[in-house]
Amino acid sequence: MPASASPKSSAVRVTGKSWPKEYFRFLERDRFDGRDVVRVMRGEVAGVIFRGVIEPAVCERVKKNFWESPMLRQRGDAVPAYYLGTYHYQKELELYLNEAAATRAALENVFAGTRNFYRDIMGGVRAALEEEGVVLRVAEHQGRPAGEFVMRSWSAVGSYALAAHDDGAQLTARKQAGFEIQQVVVNPLAAVNLCLENGQGGDLVYWNVEPDSATRRALGVEETGHPYAAELLEGFPRIDLPIHTGDAYFFNGKLVHAVRAQSKPGEFRSTISLLMGFKEPKTAIYWT
């Protein structure tokens, strides 16, 4: 969806929290280290990107499995994408949990014939947290597990394949009251993306602002955080981060971010994604 201003949004001034430049940056690494991810989760740095940590042949096989999966679906809401798995965004909690259970085997199958790098990466994060006495587990509700990850390829048209948004607003949805992920709202929210496919374009665009409730209310995005017209974000410091096939990156999703469209028709940017954060000092959880 193009990030264009509506009559309602054109008069809105985005307000909220901005961070010092010592925080608002991405660490660049050529080797995965779960301790850097923990730094993002603890609010020490905005993001970290591990370049080329997923081998090309592995990316190619997982990409093939994704596009050929009989469980592949296309979103029909305001955030268009092809996806495998499920997501909690704007869903009734019961439906989300049912979909998580129904798609678990299909997600495991994306690694058929190759290395399960998702398990290796999350294992590295888990080990780093265990060094600090913290347990990392998938989120649950009444004993039922959330989705562990979703694989998706954004398909909006215009300047952005995924319009500018923040992930924090999703944690306030009234229809999901009581879901333990809502306890993460007081802490940094780590957005996790493992890139399996990207052509030309597809950069992450990241603005140094965490919108406040007044801004969300004025724009009518209190429980979604989507979308923010790009022109409303002018004046905020911005990072344009190139993303390549095989990169794994983690960042505080409470700050507004977007995905640029592909430069060539017919190209896709496909990632394995999830959200993660501290529920309490000794417990971290993740979900889709």
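Residues numbered from 1 in each chain as written. Predicted model: local features only at pLDDT ≥ 70, side-chain atom pairs only at ≥ 80, totals over all residues. Heavy atoms only, no water.

Of note, Asp36 is situated in helix 1 (residues 34–41). Judged by its relative accessible area of 8%, Asp36 falls in the buried class. Not counting chain neighbours up to four residues away, the residues in contact with Asp36 comprise Leu27, Arg29, Val48 and Phe50. (Helix = DSSP H or I, 4+ residues; strand = E, 2+ residues; numbered from the N terminus. Buried < 20%, exposed > 50% of the residue type's maximum accessible area, 1.4 Å probe, protein only. Contact = heavy atoms within 4.5 Å.)

Of the volumes computed, that of the largest pocket is approximately 230 Å³. Around the largest pocket sit 17 residues that line it, and Trp154, Ser155, Ala156, Gln262 and Glu267 are the ones nearest its centre. Sorting the residues of the lining of the largest pocket by element identifies strand 9 (150–154) and strand 16 (257–260) as the ones contributing at least two each. In the lining of the largest pocket, the residues fall into 8 nonpolar, 5 polar and 4 charged. (1 Å grid on protein atoms, 1.4 Å probe; cavity = no way out; pocket = protein on both sides within 12 Å on 5 of 7 lines; lining within 4 Å. Points joined across faces, edges and corners; volume = space filled by probe spheres on them. Nonpolar A, V, L, I, M, F, W, Y, C, P; charged D, E, K, R; others polar.)

Bringing the nonpolar core into the picture now. Counting residues in hydrophobic clusters, the biggest one holds 72 residues, and the most contacted among them are Phe117, Tyr118, Met276 and Trp287. Take this core: its biggest share by element is 7 residues, from helix 4 (residues 117–130). (Core = buried A, V, L, I, M, F, W, Y, C linked by side-chain atoms within 4.5 Å.)

This part takes up the pairing of strand 6 (residues 135–138). What you see with strand 6 is a clean split: Leu136 and Val138 sit on the buried side and Val135 and Arg137 on the side with no burial. Here strand 6 runs beside strand 18 (residues 283–287); their pairing, made up of 4 bridges, is parallel. Bridge assignment links Val135 to a residue of strand 18, and that residue is Thr283. (Pairing = 2+ DSSP bridges.)

Turning to the pattern of salt bridges, a few remarks are in order. Summed over the entire model, instances satisfying the criterion amount to 19 salt bridges. Notably, a salt bridge pairs Glu223 with Arg174, separated by 2.5 Å at the nearest N-O pair. Residue Glu223 is located in the loop between helix 5 (213–219) and strand 14 (238–241), and its partner Arg174 is located in the loop between strand 10 (160–165) and strand 11 (190–197); the two are separated by 49 residues in the primary sequence. Given a relative accessible area of 22%, Glu223 falls into the partly exposed group. By relative accessible area, Arg174 is classed as exposed at 70%. Put simply, Glu28, Arg51 and Asp247 are held in one network by salt bridges that share partners. (Salt bridge = Lys/Arg side-chain N within 4 Å of Asp/Glu carboxyl O.)

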